[in-house]
Amino acid sequence: MLNPLVEFCISNLANGAQQTYEQLEQDPDIDVLEYGCLSYCTKCAENFYAVVNGDIVEADTPEELTKRIYEYIEENPMW
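In short, a report on the structure. This structure is a prediction, so every number in the text was calculated from the model and none was measured.

Analysis parameters
Residues numbered from 1 in each chain as written. Predicted model: local features only at pLDDT ≥ 70, side-chain atom pairs only at ≥ 80, totals over all residues. Heavy atoms only, no water. Pairing = 2+ DSSP bridges. Helix = DSSP H or I, 4+ residues; strand = E, 2+ residues; numbered from the N terminus. Axes fitted to C-alpha atoms, helices over the stretch in contact; angles between N-to-C directions. Contact = heavy atoms within 4.5 Å. Buried < 20%, exposed > 50% of the residue type's maximum accessible area, 1.4 Å probe, protein only.

**Brief notes about the sheet that holds strand β3 (residues 48-52)**
Thought 1: In spatial order, the strands read β2-β1-β3-β4; together these four strands make up an open sheet with mixed pairing. Of all the strands in the sheet, just β2 (31-35) and β4 (55-59) have a single pairing partner and so form its edges. Pairwise comparison of adjacent strand axes, ignoring direction, gives a mean angle of 30° for this sheet.
Thought 2: Direction of pairing for strand β1 (residues 5-9) relative to β2: parallel, over a ladder of five bridges. When the bridges of β2 are listed, Phe8 appears paired with Glu34.
Thought 3: Along the sheet face, helix α3 (residues 62-75) touches β1, β3 and β4 and points at about 145° away from the line of β4.

**A short note on the pairing of β3**
Thought 1: The element β3 is extensively covered by neighbouring structure, given that five of its five residues are classed as buried.
Thought 2: On β3, burial covers both faces: Phe48, Ala50 and Val52 on one face and Tyr49 and Val51 on the other are all buried.
Thought 3: As defined by bridge partners, β1 adjoins β3 across two bridges and the pair is classed as antiparallel. By the bridge assignment, Val6 is partnered in β3 with Val52.
Thought 4: The loop that links β3 with its antiparallel partner β4 comprises two residues; one of these, Asn53, has a positive phi angle of about 50°.

So, in structure tokens, the structure goes:
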């Protein structure tokens, strides 16, 4: 069974999304990856975001981002 894939841009991690990354990394049911750049530089400069199974999830705070990622995964099962 495939886990949901959550991708982070290293610049967004440096801006504060690292907190979300570390929380998700502790979850064995989620695969987390970081990239040098995901080419969403405008979003990256404005908010916290991650790409979840190919879709962008955004938030104003790392806590909100974590919550929204889990909500997205619940609402969009992969199978």
